Amino acid sequence: MIRFINVSKEYKNGVKALSNINLNIEKGEFVFLVGPSGAGKSTLIKLILKEENPTDGRIYLNNEDITYVKNRKIPYIRRNVGVVFQDFRLLPNKTVYENVAFAMEIIGAHPKEIRRNVPMVLSMVDLSKKAHNYPHELSGGEHQRVAIARAIVNSPPILIADEPTGNLDPDTAWEIMKVLRDINRRGTTILMATHAKDIVDAMKRRVVEIEKGTIIRDEEKGVYEHEITNS
Amino acid sequence: MSMRLRIASNIIKQGFKGVWRNKAMGLASITSITAVLLILGIVLILILSLNNIVLDTRERFDEVQVFLEDEITSAQMEEIEKKAKASNKLVSVTFKSKDEALEEMKEGWGDEGYLLEGLEENPLPHTLILKLKDIEYAEDVVKSIENLEGIEEIQYNYDIMEKLVLFTNYIRTGGLAIVLILILVSIFIISNTIKLTVTARKREINIMKYVGATNGYIRGPFVIEGVVFGLIGAIISILAVNYGYNYFFNAASDKLYVLFTVYLVPPKALMQDIVIIFTAIGAGIGALGSLVSMKRFLNV
Ligand SMILES: Nc1ncnc2c1ncn2[C@@H]1O[C@H](COP(=O)(O)OP(=O)(O)OP(=O)(O)O)[C@@H](O)[C@H]1O
Ligand SMILES: [Mg+2]
C-alpha cells in the first residue's frame, strides 16, 4: 500500500527532517507512527500526501511510483488517501451533512450516490442525529468524527491521521479510536501519527518509532516506548 | 449528467454564489472595467473617425492646383503640361477655365450663390489640375514646373496630409497606450478584489485540496466570478457608448456640423465592433484578474 525506499527529506531551510527511511505498510494494516516532537512524523505524512517532495529515495502508493509526479496529478493521488488532522478542518458555514457531501461533490459524484453514501458514513461515526447541525454546535469529538466521515466518504483505500486525538480528552479520544478501528476492520489501511501513549499501548498494533528523522523501531503489536528508553 | 458536467455545473454554481457574496467589492471591479471600456470606446471612435478623415483627405487632396495668369499663352500652357507629365507621376491633367471655376463656386454656395451674381469681373484664375498618382509625388511635380512662365501660384496639400497622418498616429498610439495602462490597472484592481475572497476562503481551499480537488475546480469559481464582473462592466459600457454616441451623433447631424458628421463612424457600424471588443476585453480582464490573484494560493 505504502512503501518508502531510502527516503530522505531536507527542507529548503536546511533542516534534515527525514533520513534514509525504509517503510512498507501492507493493505489492511493499522500502523502507529510515534516519536518525540520534531522527529519527522508529519513530514513523512506530507510526503505521502504530496505536500512535499522527498530529496532522495522513492515512494510508492498502491504500487504506483509517486516520488515525482506532475502537479496536475496530485489531486488524483490524494483521492486515494483520506486525511484527518488534529484541528479537524471543517467548514464552519456548512452543516455536518454538507461538510461530508462536499468531499463527494468536488469529485463530481452522482447526487444519488451522495444521498446514499453520506448518511451511511454518518451512521458509521454515529452522527446521524447531528447531520443538520453546524460545526459550532458540536463537541470536539463530534468535530473529529465529522472529519473522519469526510475522509472516508469516497472510500479511499488508505486513511492517514496526524494526531487525530491531540485536541481531545481521553474518553473522547477512545471514541475516535473505536471509530478508526471499525474503519480498519472494514479493510482500510490506517497510518496514525500520535503522542497518545495509552492508546498505542492498549491497541497493540504495529508501531513505527521515528527519532531525529530515522526509524529507530518498527515492531508488530508494539507499545509507545521501547523498554530501553523506558528505564 | 456525466461526472464532468456535474463538476462544471458545481463550478458555475460556486462562481455565481461568489459574485453574490462579493457584490459590494465587485462594484470596485465593475467600475474600473467600465471606466476602461468607456475610455477605450472614446479612443476607438476617435481613431476610426480620424481614419475616415485621412482616407478622404488623401483622395481629395491628391492633386496639385496650378493657378495660371489670365494672359497665359497656349504655348506656355503646353510647356507646363509637358513638364508635369514628364515624370510619369500624374493620373490626369484637367484644365478649368475661370468661368467654369466661378460656376462651380456658385453651385457650391447653393442658396447663397446669387451673391456671386453681382461681381463685375471674375476674380478666379484659370486652373490646371494635376491629379497625382500618389500624394507623395506632389513635391516633385511642383518642383518640375514651378519656374515656368505663366504660373501665378501653385497650391498643394502635402503638408496637411503629413500633419494629419502624424496627428492620427499620435492619437492612435497615445490612446492605445492609455487603454493598455488602464487595462493593467483594472486587472490589478480585480485581482485584489478577488484576492480578498480567496484569502477569506483560504481554509476552504486548503480543505478542498486535501480532499483531492483539482486546481481547475478550485480556480474555476473565482475565474467565473471575475468574468461575471467583467461582463457586467462590458454590458454597462456597451449600453453607455451606444446611447451616448447615438445621442452625440444625432445632435451633431441635426445641428450645423453636417460636414464634420460625414467623417464620424456611423453608430450602427461601430456598435457591432464595440460589442465584440468590449465583451472580449471585459471577460479577459476578469479572468486574468482572478488567475493573477489565485496564483500564490495554488502551490501545495
Ligand atoms: N515546512 C517546513 N519547513 C522547514 N522545516 C520544517 C517544515 N516542517 C517541519 N519542519 C522541520 O522538520 C522537522 C520535523 O518536523 P515534523 O513536523 O515532521 O515533526 P513531527 O514529528 O510531526 O513533530 P510533532 O510531534 O511536534 O508534530 C522539525 O525540525 C521541523 O522544524
Ligand atoms: Mg506533527
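Reading the values: rules and limits
- Residues numbered from 1 in each chain as written.
- Chains lettered and ligands numbered in written order.
- Predicted model: local features only at pLDDT ≥ 70, side-chain atom pairs only at ≥ 80, totals over all residues.
- Heavy atoms only, no water.
- Helix = DSSP H or I, 4+ residues; strand = E, 2+ residues; numbered from the N terminus.
- Rg over C-alpha atoms; globule rule 2.2 N^0.38 Å.
- Contact = heavy atoms within 4.5 Å.
- Lys, Arg positive; Asp, Glu negative; His and termini not counted.
- Charge placed at Lys NZ, Arg CZ, Asp CG, Glu CD.
- Buried < 20%, exposed > 50% of the residue type's maximum accessible area, 1.4 Å probe, protein only.
- Areas by Shrake-Rupley, 256 points an atom, 1.4 Å probe, with all protein chains shown as cover.
- Expected span 1.5 Å × (residues − 1).
- Pairing = 2+ DSSP bridges.
- Axes fitted to C-alpha atoms, helices over the stretch in contact; angles between N-to-C directions.
- Domains from an automatic or database assignment.
- Near = heavy atom within 4 Å.
- Polar contact = N/O pair within 3.5 Å; in protein donor to acceptor, adjacent residues only side chain to side chain.
- Nonpolar A, V, L, I, M, F, W, Y, C, P; charged D, E, K, R; others polar.
- Buried area = accessible area lost by both parts, 1.4 Å probe.
- Salt bridge = Lys/Arg side-chain N within 4 Å of Asp/Glu carboxyl O.
- 1 Å grid on protein atoms, 1.4 Å probe; cavity = no way out; pocket = protein on both sides within 12 Å on 5 of 7 lines; lining within 4 Å.
- Points joined across faces, edges and corners; volume = space filled by probe spheres on them.
- Patch = residues over 30% accessible without salt bridge, like charges linked within 9 Å, V, L, I, M, F, W, Y side chains within 5 Å.
- Parallel < 35°, antiparallel > 145°, perpendicular 65-115°, else oblique.
- Left-handed = near helix turned anticlockwise from the far one by under 90°.
- Phe/Tyr/Trp six-rings, centres within 6.5 Å; stacked < 30°, edge-to-face > 60°.
- Lys NZ or Arg CZ within 6 Å of the ring centre and 35° of its normal.

### Considering the overall build of chain B
Step number 1: Along its length, chain B carries ten helices and four strands.
Step number 2: Sequence-ordered secondary structure for chain B, helices as α and strands as β, is α-α-β-α-β-α-β-α-β-α-α-α-α-α.
Step number 3: The C-alpha radius of gyration computed for chain B amounts to 31 Å, which surpasses the reference 19 Å derived for 300 residues by more than 25%, pointing to a less compact arrangement than a globule.
Step number 4: In chain B, the share of contacts with a sequence separation of at least 24, taken over all contacts with a separation of at least 6, comes to 84%.
Step number 5: Averaging the locations of the 30 positively and 34 negatively charged side chains of chain B gives two centres separated by 32 Å.

### Side note on the overall build of chain A
Step number 1: Across its full length, chain A carries eight helices and ten strands.
Step number 2: Against the compact-globule benchmark of 17 Å for 231 residues, chain A has a radius of gyration of 18 Å, which places it among compact chains.
Step number 3: Over its C-alpha atoms, taken along the principal directions, chain A stretches across nearly 50 × 45 × 30 Å.
Step number 4: Counting only residues that meet the buried cut, chain A has 53% of its 231 residues in that class.
Step number 5: For chain A, restricting intrachain contacts to residue pairs at least 6 apart in sequence, the fraction spanning at least 24 positions comes to 67%.
Step number 6: Accessible surface, chain A as shown: approximately 10,600 Å² in total, 47% of it carbon and sulfur.
Step number 7: Taken together, the 34 basic and 30 acidic charged side chains of chain A have centroids lying 6 Å from each other.

### Quick notes on helix α5 (residues 140-152) of chain A
Step number 1: Taking 1.5 Å of rise per residue, 13 residues should cover 18 Å, and α5(A) covers 19 Å from first to last C-alpha, within 8% of that figure.
Step number 2: Of all 13 residues in α5(A), twelve are buried; the element is thus mostly enclosed.
Step number 3: Turning to α5(A), its buried residues are G141(A), E142(A), H143(A), Q144(A), R145(A), V146(A), A147(A), I148(A), A149(A), R150(A), A151(A) and I152(A).
Step number 4: Where α5(A) is buried, its residues contact β6 (81-85), α3 (96-105), α4 (111-124), β7 (158-162) and α6 (170-185) of chain A together with α7 (202-210) of chain B.

### Description of the sheet that holds β7(A)
All names here are of chain A.
Step number 1: If you walk across this open sheet you meet the six strands as β6-β7-β8-β3-β9-β10, and the pairing is mixed. In this open sheet, the two strands that pair with only one neighbour each are β6 and β10 (214-219). On average, each strand axis in the sheet is inclined to that of its neighbour by 15 degrees, with strand direction left out of account.
Step number 2: Sheet topology places β6 next to β7; five bridges connect them, and they run parallel. For G82, the partnering residue across the bridge sits in β7 and is L159.
Step number 3: Of the strands in this sheet, β6 and β7 touch α5, which is tilted by about 165 degrees from β6.

### Focus on the domain arrangement of chain B
Step number 1: By domain assignment, chain B separates into domain 1 (3-57 + 161-298) and domain 2 (70-149).
Step number 2: For domain 1 of chain B and domain 2 of chain B, the distance between their C-alpha centres works out to 52 Å.

### Focus on the site of ligand 1
All names here are of chain A.
Step number 1: Contacts to ligand 1 come from 15 residues, most closely from S37, K41, S42, T43 and H195.
Step number 2: Here a nitrogen atom of ligand 1 and a side-chain polar atom of Y11 are 3.4 Å apart.
Step number 3: Measuring from an oxygen atom of ligand 1, one finds a side-chain N or O atom of K41 at 2.8 Å.
Step number 4: Examining the composition of the shell around ligand 1, we find that four residues originate from one element, helix α1 (residues 41-48), more than from any other.
Step number 5: Residues that form the shell around ligand 1 fall into these classes: five nonpolar, seven polar and three charged.

### So, the interface of chain B and chain A
Step number 1: Each partner contributes residues to the interface: chain B has 17 residues there, and chain A has 24 residues.
Step number 2: Buried surface at the junction of chain B and chain A, both sides included, amounts to about 1,900 Å², of which 60% is carbon and sulfur.
Step number 3: The largest per-residue losses of area from chain B upon contact with chain A belong to I207(B), Y210(B) and V211(B), which jointly make up 34% of the total buried on that side.
Step number 4: Summed over the shared surface of chain B and chain A, the result is zero salt bridges.
Step number 5: At the junction of chain B with chain A, the criterion picks out seven residue pairs in polar contact (both at pLDDT 80 or more).
Step number 6: Elements with a minimum of two residues in the side of chain B that touches chain A: α1 (3-21) and α7 of chain B.
Step number 7: Per element, the largest residue contribution to the side of chain B that touches chain A is seven residues, and it comes from α7(B).
Step number 8: Grouping the amino acids of the side of chain B that touches chain A by side-chain chemistry returns nine nonpolar, four polar and four charged.

### Examining the pattern of salt bridges
All names here are of chain A.
Step number 1: Under the definition given, this model contains 18 salt bridges over all chains.
Step number 2: Its salt-bridge partner being R89, residue D87 comes within 2.9 Å of it at the nearest N-O pair.
Step number 3: Overall, R89 belongs to the partly exposed group, its relative accessible area being 21%.
Step number 4: Connected through salt bridges with shared partners, the residues E29, R206 and D218 form a single ionic network.

### Things to note about empty space enclosed by the protein
Step number 1: Taken as a whole and judged by the stated rule, the model has one cavity of 30 Å³ or more.
Step number 2: The calculated volume of the largest cavity comes to roughly 170 Å³.
Step number 3: For the largest cavity, the lining is made up of 15 residues, of which G82(A), V83(A), A151(A), Y210(B) and V211(B) are closest to its centre.
Step number 4: Mapped onto the lining of the largest cavity, the elements with two or more residues apiece are β6 and α5 of chain A together with α7 of chain B.
Step number 5: Tallying contributions element by element places β6(A) first for the lining of the largest cavity, with four residues.

### Quick word on a negative patch on the surface
Step number 1: A surface patch of negative charge is lined by D99(B), E100(B), E103(B) and E107(B).
Step number 2: Note on placement: D99(B) falls in helix α4 (residues 98-109).

### Here's the deal with the packing of α5(A) against α6(A)
All names here are of chain A.
Step number 1: Direction vectors running N to C along α5 and α6 enclose 15 degrees, while the axes themselves pass 9 Å from each other. Compared by their axis directions, α5 and α6 come out roughly parallel. Handedness of the crossing formed by α5 with α6: right-handed. Contacts from G141, Q144, R145, I148 and I152 of α5 reach α6 at T172, E175, I176, V179, L180 and I183.
Step number 2: Among the residues forming the contact of α5 with α6, the class breakdown is six nonpolar, three polar and two charged.

### Side note on the packing of aromatic side chains
Step number 1: Within the structure shown, the criterion is met by four aromatic pairs over all chains.
Step number 2: Judged by centre distance (6.1 Å) and plane angle (55 degrees), the ring pair of Y245(B) and F249(B) falls under tilted. Of this pair, Y245(B) and F249(B) both sit in helix α8 (residues 215-254), four residues apart, which is roughly one turn of that helix. Across the pair, exposure class does not vary: Y245(B) and F249(B) are buried alike.
Step number 3: The ring of F85(A) carries R89(A) above its face, with NZ or CZ at 3.7 Å from the centroid.

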